[in-house]
Number of protein chains: 2
Amino acid sequence: MEVLIVEDDPLHRSYLHETVRAALPECDAVFEAENGRIGERLAREHRSAHIVMDLQMGERNGIEAARTIWKERPDTRILFWSNYADEAYVRGVSRIVPEGAAYGYILKSASDDRLKLALRGIFIEAQCVIDREVRGMQQKSLGSINGFTDAEYEILIDIALGLTDRTIARRRNLSLRSVQNRLQQLYEKLNVYQAAGEEGEEGRYNLRARAVTVALLRKLLNYSALEKAEADLGEWLRSR
Amino acid sequence: MEVLIVEDDPLHRSYLHETVRAALPECDAVFEAENGRIGERLAREHRSAHIVMDLQMGERNGIEAARTIWKERPDTRILFWSNYADEAYVRGVSRIVPEGAAYGYILKSASDDRLKLALRGIFIEAQCVIDREVRGMQQKSLGSINGFTDAEYEILIDIALGLTDRTIARRRNLSLRSVQNRLQQLYEKLNVYQAAGEEGEEGRYNLRARAVTVALLRKLLNYSALEKAEADLGEWLRSR
DNA sequence: GCAAAATATGCGGGTTCCCGCAAGACGAAG
DNA sequence: CTTCGTCTTGCGGGAACCCGCATATTTTGC
């Protein structure tokens, strides 16, 4: 068995290396990549079937790397090992995992044993191993109470990018009023109406801008999600 | 000599410990704290004069911790050791460093030797040691071409928080029109006017929201800056 | 298949935002 | 003192935003 490690922090990389060696005696070789781009290349060259990957990397982040890797080999098993359980990351990952693929999501704050268990579970047993904290996020992002629809998430991204209502309507093939409906829906869910305060005039917010802030503070959105959204937008703009 | 380490990642913490021992043989004792709050407490208890600190920590980030520490003992020497050179961090740090204090800002990606040199430079020689990459940011944030005035930065934060023009005016003791002037100034500097595109109507942006996005993408703003700004806002709201 | 519920559209209006124009305030040079 | 540059404020208007109300259209559950 061969394992590929994709992680930009040298300390974490060598720690992962040791842990993989310790948890998987059947492992013959361990390769290391220090960012997503190199990770993609090595995965292609070695036909890697077992990958441990950080999500937050400078050159090319884990989600993008995983997407292209999975596009080429959907049965690759990937363990994401990340510092954060931001809803933006969790949503990003579950968006791209192929049907039936085995994968995992473990926090860096997890213990040695949890990590080792996850390594064996995913690479040997083909299970899905998701940390408790991350699991909570998944529930939320898939609906139910505090959850956000795809439609709501989409419009959140659009206003976060700074698009006008009209532009959003064109981009999503909607009427102006529908866009505004979704916005109202979003404002509702994000609790942006609270401090508007009637005639009190105290703490009045610009709903549109406030919604983005609240989403950021709640980690519904984060830098890497914004970055990706911006890239998508650029592509769309160029295509017309 | 005693050194206090404030860093939430266990791997980085023990690496720092070793490096401090290696670089500073005259060091008698090393204390460790795993977040800003504990760091503040230990600094107080041990009257620490030499501190190495991460900026990004869950419980209480490095900038806040440093501020309270420096408030109690302005001659404390602090080496910030961070993953990022975001302008938001750099600006945050240079805002709080006391007159004449010795401090440093080293990136985690720097080599062993750079870190050791910085440790000796700051703790023994009382120099200021700022990494090249970080230095670049400082130039920018202090004025000149691509730089932002305090006024511009302030209004950027206010719209990022989602305040209305009127609220901003009250908060900053300005007239409505002045607020809007500063906004125009900000839009100018952030290059938000480019894709507005005349009658073409293509890619028209909501300037206010777009400005925040651009600032985030350029790392003029980041999560921790937003978090702090939100706390400040809450305080101001309560005070009236 | 049908009723109920959710979602999408159009219209009209009040509010906020964005900004050109012009007039005062203040400090820095000359 | 004058003049220039920068900052501030007021006014007015066009555009965008927020949203209540009423009407299609689609989806869902039975």
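Our subject is the structure that appears above.
Residues numbered from 1 in each chain as written. Chains lettered and ligands numbered in written order. Predicted model: local features only at pLDDT ≥ 70, side-chain atom pairs only at ≥ 80, totals over all residues.

(A) Structural context of the protein's contact with DNA strand C. Near DNA strand C you find 17 residues, and of these Ser175 and Ser178 of chain A together with Thr164, Asp165 and Arg208 of chain B are the closest. Where the surface near DNA strand C is concerned, the elements lending two or more residues are α9 (176–189) of chain A together with α8 (165–172), α9 (176–189) and α10 (207–217) of chain B. Top contributing element to the surface near DNA strand C by residue count: α9 of chain B, with five residues. Taken together, the residues that form the surface near DNA strand C break down as four nonpolar, seven polar and six charged. (Near = placed C-beta within 6 Å. Helix = DSSP H or I, 4+ residues; strand = E, 2+ residues; numbered from the N terminus. Nonpolar A, V, L, I, M, F, W, Y, C, P; charged D, E, K, R; others polar.)

(B) Broad picture of the protein's contact with DNA strand D. Near DNA strand D lie 17 residues; those nearest to it are Thr164, Asp165 and Arg208 of chain A together with Ser175 and Ser178 of chain B. Every element with two or more residues in the surface near DNA strand D is listed here: α8 (165–172), α9 and α10 (207–217) of chain A together with α9 of chain B. Top element by residues in the surface near DNA strand D is α9 of chain A. It accounts for five residues. Within the surface near DNA strand D, the residues separate by chemical class into four nonpolar, seven polar and six charged.

(C) Structural view of the pairing of strand β1 (residues 2–6) of chain B. Residues and elements named next belong to chain B. Of all the five residues making up β1, four are buried; the element is thus mostly covered by neighbouring parts of the structure. Where β1 lies against strand β2 (residues 29–33), five bridges are found, and the strand directions are parallel. Residue pairing across strands places Val6 opposite Ala33, the latter belonging to β2. With helix α1 (residues 10–23) bridging β1 and its parallel neighbour β2, the resulting β-α-β unit is right-handed. (Buried ≥ 20, exposed ≤ 12 C-beta atoms within 10 Å, placed from the backbone. Pairing = 2+ DSSP bridges. Right-handed = clockwise from strand over helix to strand, strands pointing away.)

(D) Region of the structure containing helix α3 (residues 62–72) of chain B. Residues and elements named next belong to chain B. All buried positions along α3 are accounted for by Gly62, Ile63, Ala65, Ala66 and Ile69. Here the buried residues of α3 occupy an arc of 160° about the axis, which is enough to place them on one side. Residues of α3 that are exposed and angled more than 90 degrees away from the buried face: Lys71 and Glu72. The elements touched by buried residues of α3 are β1, α2 (36–46), β3 (50–53), β4 (77–82) and α4 (87–96). (Arc of directions from axis to C-beta. Contact = placed C-beta atoms within 7 Å.)

(E) Structural detail: the interface of chain B and chain A. Listed as interface residues are 27 residues of chain B and, on the opposing side, 27 residues of chain A. Of all the secondary-structure elements, those providing two or more residues to the side of chain B that touches chain A are α1, α7 (150–160), α8, α10 and α11 (223–238) of chain B. When residues in the side of chain B that touches chain A are grouped by element, the largest group, seven residues, is from α10 of chain B. Considering only residue class, the side of chain B that touches chain A consists of 14 nonpolar, seven polar and six charged.

(F) Quick peek at the sheet that holds strand β5 (residues 103–107) of chain A. Residue and element names in this part refer to chain A. Ordered in space as β2-β1-β3-β4-β5-β6, the six strands form an open sheet in which the pairing is parallel. At either margin of the open sheet sits one strand with a lone partner, and together these are β2 (29–33) and β6 (129–130). Relative to strand β4 (residues 77–82), strand β3 (residues 50–53) runs parallel, the two sharing four bridges. For Met53, the partnering residue across the bridge sits in β4 and is Phe80. Contacting β3, β4, β5 and β6, helix α5 (residues 112–123) runs over the sheet at an angle of about 175° to β5. (Axes fitted to C-alpha atoms, helices over the stretch in contact; angles between N-to-C directions.)

(G) A look at the environment of Lys189 of chain B. All names here are of chain B. Mapped onto the elements of the fold, Lys189 is located in helix α9. Remark: the alpha-carbon pair of Lys189 and Phe148, spanning 41 residues in sequence, is separated by 8.0 Å. Residues in contact with Lys189, not counting those within four places in the same chain, are Phe148 and Glu152.

(H) Inspection of the relation of the copies chain B and chain A at higher detail. The two copies are related by a screw motion: chain B maps onto chain A through a turn of 180° and a shift of 0.0 Å along the axis, at an RMSD of 0.1 Å. Considering both components of the superposition, the chain copies are consistent with a two-fold axis. By C-alpha distance to the rotation axis, the residue of chain B lying nearest is Ala209 of chain B, at 2.9 Å. A shared interface surface links the copies, since 100% of the contact residues of chain B are contact residues in chain A too. (Least-squares fit on C-alpha atoms with pLDDT ≥ 70 in both.)

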